[in-house]
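Each chain is listed here by its residues.
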Amino acid sequence: MMFETLQIQRFSFGTVYKVLFIAATFSMVPLAVLMGLFAFFGAETIVWNGQHLTGLMGLIASPFVGIMMALIFTGFLGTLFACGLWLYSKFRPLHLSYTR
């Protein structure tokens, strides 16, 4: 595989949020569904509105808990990351390596 390098002067805030939301969704939702499976068998791993959900309700609520976690992480960390990358762009461009 041959890597190519792309020089980026600055990411837009929307791009940072988009990439972070995709990463958070594809990591948090499967984790929450796994916790939902544990909740289905009686573990108190899913909490919604301050109450532990177990059994079928825990399994059903788990993807929604994962989506909420992804949205919260994206909102909070996306803002921090976007500001950090903006500050970094004031000093030097970012070089990304990729393959086709």
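Refer to the structure presented above.
Fair warning: this is a prediction, and the values are worked out from it, not measured in the lab.

It is not clear to me how helix α2 (residues 55-89) should be interpreted in this structure. Could you clarify?
Residues spaced three or four apart along an α-helix point in a common direction, a consequence of the helix completing one turn every 3.6 residues. Compared with an ideal rise of 1.5 Å per residue, which puts 35 residues at 51 Å, α2 spans 49 Å between its outermost C-alpha atoms and is within 8% of the ideal. Roughly 35 degrees is the biggest bend found in α2, and it falls at serine 62, with proline proline 63 one to four residues downstream. Those residues of α2 not exposed but buried are Gly55, Gly58, Ala61, Ser62, Val65, Gly66, Ala70, Thr74, Gly78, Ala82 and Ser89. At its buried positions, α2 is contacted by α1 (13-40), β2 (46-48) and β3 (51-53).

Explain the nonpolar core here, please?
One broad rule of soluble globular proteins: the nonpolar side chains tend to lie buried together. Ranked by size, the top nonpolar core spans five residues in total: Ala39, Ile46, Leu53, Ala61 and Val65. Not counting residues up to four positions away in its chain, the partners in contact with valine 65 are Ile46, Val47 and Trp48.

Just to check I follow, could you spell out the packing of aromatic side chains for this structure?
The geometry of an aromatic ring pair is captured by two quantities: the separation of the ring centres and the angle between the planes. A complete count under the given rule lists one aromatic pair for this structure. Between the aromatic rings of phenylalanine 40 and phenylalanine 41, the centroid separation amounts to 5.2 Å while the plane-to-plane angle is 80 degrees, which identifies the pairing as edge-to-face. Judged by its relative accessible area of 36%, phenylalanine 40 is partly exposed.

Calculation notes
Residues numbered from 1 in each chain as written. Predicted model: local features only at pLDDT ≥ 70, side-chain atom pairs only at ≥ 80, totals over all residues. Heavy atoms only, no water. Helix = DSSP H or I, 4+ residues; strand = E, 2+ residues; numbered from the N terminus. Expected span 1.5 Å × (residues − 1). Bend = angle between axes of the 7 residues up to and from the residue. Buried < 20%, exposed > 50% of the residue type's maximum accessible area, 1.4 Å probe, protein only. Contact = heavy atoms within 4.5 Å. Core = buried A, V, L, I, M, F, W, Y, C linked by side-chain atoms within 4.5 Å. Phe/Tyr/Trp six-rings, centres within 6.5 Å; stacked < 30°, edge-to-face > 60°.

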